[in-house]
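# Topology and contacts: notes
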Amino acid sequence: METLALLADGFALSLSPLNLFVVVLGVTIGLFVGAMPGLGSVNGVAILLPMTFLVPPASAIIFLGALYYGAMYGGAISSILLGIPGASTAVATTFDGRPMAQQGKAGLALIAAAVGSFVGGTLSVILFTIFAQPLADVALAFGPAEEFALVLLAFTTFVGLGGDDIPKTILMIVFGLVLSTVGLDLISGQPRLIFFDLPGFYSGISFLVLAIGVYGIGEILWTLETTRGKAPVTTARIGLRDLWAGVRQLSHSVRTMTFGSVLGFFVGLLPAAGATPASLMAYGMAKTLSRKPETFGKGAVDGVVAPETANNAASTGSLMPMLTLGIPGSPTTALLLGGMVMWGLMPGPMLFIEEPGFVWGLISSLYTANAFAVIINLALIPMFVWALRMPLTILCAMVIVLCIVGGYAPDQRLHDVWLIAVFGVGGYLLRKLNYPLAPLVLALVLGPLMEKAFRQALISAQGDPMTFLERPLSASFLVLAAVFFLLPLLKGLRRRPADAPGRTP
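Residues numbered from 1 in each chain as written. Predicted model: local features only at pLDDT ≥ 70, side-chain atom pairs only at ≥ 80, totals over all residues. Heavy atoms only, no water.

Bringing the overall build of the chain into the picture now. Looking only at helices and strands, one finds 22 helices and 2 strands in the chain. When the 505 residues of the chain are sorted by exposure, 54% land in the buried category. For the chain, the proportion of contacts with a sequence separation of at least 24, taken over those separated by at least 6, is 79%. Of the roughly 21800 Å² that the chain leaves accessible, carbon and sulfur atoms contribute 70%. (Helix = DSSP H or I, 4+ residues; strand = E, 2+ residues; numbered from the N terminus. Buried < 20%, exposed > 50% of the residue type's maximum accessible area, 1.4 Å probe, protein only. Contact = heavy atoms within 4.5 Å. Areas by Shrake-Rupley, 256 points an atom, 1.4 Å probe, with all protein chains shown as cover.)

The grouping of Ile 170, Val 174, Phe 175, Val 178, Leu 193, Phe 195, Phe 196, Leu 198, Phe 485, Leu 486, Leu 489 and Leu 490 at the surface amounts to a nonpolar patch, some 1100 Å² of accessible area in total. When contributions to the nonpolar patch are tallied by element, the ones reaching two or more residues are helix H8 (166–180) and helix H22 (472–499). Checked against the element boundaries, Leu 490 lands in helix H22. (Patch = residues over 30% accessible without salt bridge, like charges linked within 9 Å, V, L, I, M, F, W, Y side chains within 5 Å. Salt bridge = Lys/Arg side-chain N within 4 Å of Asp/Glu carboxyl O.)

What follows is about the packing of aromatic side chains. Overall, the coordinates contain 7 aromatic pairs when judged by the stated rule. Geometrically, the ring pair formed by Phe 265 and Phe 266 is edge-to-face, given 5.6 Å between the ring centres and 85° between the ring planes. For Phe 266, a relative accessible area of 36% puts it in the partly exposed group. Look at Tyr 283 and Phe 296: their rings are 5.6 Å apart centre to centre, the planes differ by 75°, and that puts the pair in the edge-to-face class. Highlighted residues: Tyr 283 in helix H12 (residues 275–289) and Phe 296 in the loop between H12 and helix H13 (302–317), separated in sequence by 13 residues. (Phe/Tyr/Trp six-rings, centres within 6.5 Å; stacked < 30°, edge-to-face > 60°.)

So, about the packing of helix H2 (residues 17–35) against helix H4 (residues 57–81). Relative to each other, H2 and H4 sit at 30°, their axes nearing to 6 Å. For the element pair H2 / H4, the angle class is roughly parallel. Remark: the crossing between H2 and H4 carries right-handed chirality. Within the contact between the two elements, H2 uses Leu 18, Asn 19, Val 22, Val 23, Leu 25, Gly 26, Val 27, Ile 29, Gly 30, Leu 31, Gly 34 and Ala 35 and H4 uses Ser 59, Ile 62, Phe 63, Ala 66, Leu 67, Gly 70, Ala 71, Tyr 73, Gly 74, Gly 75, Ile 77 and Ser 78. The residue inventory of the contact of H2 with H4, partitioned by class, reads 15 nonpolar, 9 polar and no charged. (Axes fitted to C-alpha atoms, helices over the stretch in contact; angles between N-to-C directions. Parallel < 35°, antiparallel > 145°, perpendicular 65-115°, else oblique. Left-handed = near helix turned anticlockwise from the far one by under 90°. Nonpolar A, V, L, I, M, F, W, Y, C, P; charged D, E, K, R; others polar.)

Mapped onto the elements of the fold, Phe 95 is located in helix H5 (residues 91–102). When the C-alpha atoms of Phe 95 and Tyr 215 are compared, they prove to be 9.8 Å apart, with 120 residues separating the residues in sequence.

Running from amino to carboxyl end, helix H11 (residues 254–269) crosses H13 at an angle of 35°, the nearest separation of the two axes being 7 Å. Crossing hand, H11 versus H13: right-handed. The segment H11 lies against H13, with Thr 256, Met 257, Gly 260, Ser 261, Gly 264, Phe 265, Gly 268 and Leu 269 engaging Asp 302, Val 305, Ala 306, Thr 309, Ala 310, Ala 313, Ala 314 and Gly 317. Residue classes in the contact of H11 with H13 are distributed as 8 nonpolar, 7 polar and 1 charged.

With that settled, the discussion passes to the confidence of the model for the chain. When pLDDT is averaged across the chain, the result is 77; 79% of the residues are at 70 or more. Within the chain, the lowest mean pLDDT, 65, falls on helix H10 (residues 240–249), and the highest, 90, falls on helix H19 (residues 414–432). For the stretch residues 231–236, pLDDT sits under 50, and the model shows 14 contacts to residues farther than four places along the chain or on other chains. (pLDDT = per-residue confidence, 0-100.)

Another aspect to go through is unusual backbone geometry. Positive phi values are uncommon outside glycine, yet Asp 197 reaches one of about 55°. With respect to the secondary-structure elements, Asp 197 resides in the loop between strand E2 (191–192) and helix H9 (207–227). On the basis of relative accessible area, Asp 197 is assigned to the exposed category, the value being 66%. The backbone of Gln 462 shows a phi angle near 55°, a positive value even though the residue is not glycine. Within the secondary structure, Gln 462 sits in the loop between helix H20 (438–460) and helix H21 (467–470).

On to H11. Compared with the 22 Å implied by 1.5 Å per residue over 16 residues, the 23 Å span of H11 between its first and last C-alpha is a close match. Those residues of H11 lying buried are Thr 256, Met 257, Phe 259, Gly 260, Ser 261, Leu 263, Gly 264, Phe 265, Val 267, Gly 268 and Leu 269. (Expected span 1.5 Å × (residues − 1).)

Right, let's get into the side chain of Ser 474. By secondary structure assignment, the location of Ser 474 is in helix H22. Within the structure, Ser 474 has its side chain in polar contact with the backbone oxygen of Ala 145 (distance 3.5 Å). Residues contacting Ser 474, with those up to four places away along its chain left out, are Ala 145, Glu 146, Ala 149 and Phe 468. (Polar contact = N/O pair within 3.5 Å; in protein donor to acceptor, adjacent residues only side chain to side chain.)

Turning our attention to H20. Over its 23 residues, H20 runs 33 Å from end to end, which matches the ideal 33 Å to within 8%, given 1.5 Å per residue. At Leu 446, H20 shows its maximal bend, which comes to roughly 45°, and the proline Pro 448 appears one to four places after that position. Immediately downstream of H20, the backbone of Gln 462 shows phi near 55°, a positive value. (Bend = angle between axes of the 7 residues up to and from the residue.)

For the rest of this paragraph, the subject is the environment of Ala 101. Position of Ala 101 relative to the elements: it lies in helix H5. You can call Ala 101 buried: its relative accessible area is 0%. Along the primary structure Ala 101 and Gly 299 are separated by 198 residues, whereas in three dimensions their C-alpha atoms are 8.3 Å apart.

If you want it as structure tokens, here you go:
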């Protein structure tokens, strides 16, 4: 009852005219920021952080939280319509969202992303409200060994991404891990894999550069070859009746939304994990548990629902270690942490005692932001789908411009533009050879986190590899990883006797 009373006081703060206005403004700006390749929630919060000095501290944090939510919603838009993930959190949405758009189901894909985001955000905020303090203790016990085991689990859940061709999937994961080591060594600072002694490689290969190359340029080259520049991308049209029909169709994805929300929240809760591994793991588990796993990667609705539910749930979960422990759960929450410190608010266990009005006002604003985000998103879906009705030649030219600008803007290096071109051609060739691109991007995103956690764990254990098995959480993750890795092998052994010659049904 005390929690409900505190939450009611929080709603009194978050529903004030000023805070209600900043919530609507934040989710609207975030929606478009998340939809722009090269921006995403991190850059959006960083760019708009100075604007928050115009309002009181509580309103400022509520605005940034709403911006964060809106950007998580918006990341699905470019992934579905253009095949370009605007941020790493939207990579998994591309796998099935883009094929749905090419099949004329862009509206349904956007509806699935919006509804999945709403369900994930709502369930995670409820979990946040109920279990904030107990889960803070679990997060505190999470160390480098657990981080490494969690990332390894994410890789093993994705072994099935390449269909039945497991060797190609593993090869692409290994290739992505190699690319993730380009740059300076984490411990010694020595340069590694500096190709042709080009200085641009000293800062490593950005996920955004690889994603824009293989999913942006590579997709354009593939589309131009298959359509010969004559066919439109999609002829999808959508109205209010179609919106309602799409929402009703998602009743079959309730189970996927539920486990995606729970998984996303708990992964987001873990320090340094964030929404990216949550969305990738949710996609992998959705495919593993699906009755029709062969439809994934070809336009499965659950392939859009699972990652979008998980990444929005994880964005809420990542706020909890920031508020209760002062440990940011993602790059965006690190910026929010910096903003709170600037306004004289010190995150940690005492924050709930010293500033209960602020804490519960922020929590209640998440409910409000989630509701407005789905309403605004659904209202704008007809406009997004209408954009796909333009001629393919114009759309391709716009996508190429967005790819170049999105790749150049973050670091403003021409080196990245050339890499985008190289990865674009490489992605096109890999697609022609039926190599899966998703594991490649997954490995580049999670590779640095995996290496850092692995080396930190070994250093703290003085080189003893048994440290990964001696810690209960880490050992549990490793056992699950082994199970997921062996699942394709077990399925193959079960299928082989049935296919043996001379066997009677």
